[in-house]
Amino acid sequence: FDQYSIMGAPKFNPISDVISGTIMAATSVPQLIAYAETVGYAGYRGLTTAGAPLFAWGLATGSPWMNSGVTSLTAVMAKTDLGGEAYVAQYGEKEYVDLVSAYSLYIGVAS
């Protein structure tokens, strides 16, 4: 069974790839900020914690059928499971960001 027989092999087109990447980045920025705020920390942290890894992932892969990014469900789960506001009030935002990062890594490996 040839894996490309149904959709065809992806073709590299620099102009289309740059346009697609620009559109994905433009739509991801507000999403990253909103989900960071949903988790319970400052919106700019969404860009610093997810923006760079997603950019690196985009450069390292070439599949037109894969997509990666944050979801609202993950943000709500993290805030609920980790007690967002209470944890920030007791330990501070920096420690909460570290906790959410470890939690996200664990969830990613477990799933």
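In this text the structure is predicted, and so the values were computed from the model without any measurement.

Which parts of the structure should I look at to understand the pattern of salt bridges?
Pairing is possible between side chains of opposite charge, provided their charged atoms come close. Here the structure, examined in full by the defined rule, presents 3 salt bridges. A salt bridge links Glu93 to Arg45, with the shortest nitrogen-to-oxygen separation between them at 3.0 Å. In this pair, Glu93 is assigned in helix 5 (residues 93-110) and Arg45 in helix 2 (residues 44-60), connecting sequence segments 48 residues apart. Using a relative accessible area of 27% as the deciding quantity, one classes Glu93 as partly exposed. A salt bridge links Lys94 to Asp98, with the shortest nitrogen-to-oxygen separation between them at 3.1 Å. With Lys94 and Asp98 both in helix 5, this residue pair falls 4 residues apart, about one helical turn.

Any chance you could explain the packing of aromatic side chains here in plain terms?
Remark: the centre distance and the inter-plane angle together describe each pair of aromatic rings, the angle taken between the planes. On inspection of all chains with the given rule, the structure shows 3 aromatic pairs. Ring centres of Tyr87 and Tyr96 lie 5.9 Å apart, and the angle between their planes is 40°; on these two criteria the pair is classed as tilted. Of the residues examined, Tyr96 reaches a relative accessible area of 0% and is grouped as buried. Among the aromatic residues, those joined into a cluster by ring pairs are Tyr41, Tyr87, Tyr91 and Tyr96.

Can you walk me through helix 1 (residues 14-39) in this structure?
Given 3.6 residues per turn, any residue in an α-helix points the same way as the ones three and four places further on. For helix 1, which comprises 26 residues, the first-to-last C-alpha distance of 36 Å matches the rise-based estimate of 38 Å (1.5 Å per residue) to within 8%. The largest bend along helix 1 reaches roughly 30° and is located at Ser28, with the proline Pro30 sitting one to four residues downstream. Of the residues making up helix 1, those classed as buried are Ser28, Leu32, Tyr35, Ala36 and Val39. The positive-phi residue at the C-terminal boundary of helix 1 is Gly40, with phi of around 120°.

Looking at this model, I keep getting lost on a nonpolar patch on the surface. Mind explaining?
A contiguous nonpolar patch, built from Ile15, Ile19 and Ile23 and spanning about 320 Å² of accessible area, is present on the exposed surface. Secondary-structure assignment places Ile19 in helix 1.

I keep staring at the packing of helix 4 (residues 84-91) against helix 5 and nothing clicks. Help me out?
Two quantities define a packed helix pair, namely the angle between the axes and the distance from one axis to the other. For the pair helix 4 and helix 5, the least separation of the axes is 7 Å and the interaxial angle reads 130°. By the angle between their axes, helix 4 is oblique relative to helix 5. Seen from helix 4, the contacting residues are Gly84, Tyr87, Val88 and Tyr91; seen from helix 5, they are Glu93, Glu95, Tyr96 and Leu99. Across the contact of helix 4 with helix 5, the residue classes tally to 5 nonpolar, 1 polar and 2 charged.

Rules of the game
- Residues numbered from 1 in each chain as written.
- Predicted model: local features only at pLDDT ≥ 70, side-chain atom pairs only at ≥ 80, totals over all residues.
- Heavy atoms only, no water.
- Salt bridge = Lys/Arg side-chain N within 4 Å of Asp/Glu carboxyl O.
- Helix = DSSP H or I, 4+ residues; strand = E, 2+ residues; numbered from the N terminus.
- Buried < 20%, exposed > 50% of the residue type's maximum accessible area, 1.4 Å probe, protein only.
- Phe/Tyr/Trp six-rings, centres within 6.5 Å; stacked < 30°, edge-to-face > 60°.
- Expected span 1.5 Å × (residues − 1).
- Bend = angle between axes of the 7 residues up to and from the residue.
- Patch = residues over 30% accessible without salt bridge, like charges linked within 9 Å, V, L, I, M, F, W, Y side chains within 5 Å.
- Areas by Shrake-Rupley, 256 points an atom, 1.4 Å probe, with all protein chains shown as cover.
- Axes fitted to C-alpha atoms, helices over the stretch in contact; angles between N-to-C directions.
- Parallel < 35°, antiparallel > 145°, perpendicular 65-115°, else oblique.
- Contact = heavy atoms within 4.5 Å.
- Nonpolar A, V, L, I, M, F, W, Y, C, P; charged D, E, K, R; others polar.

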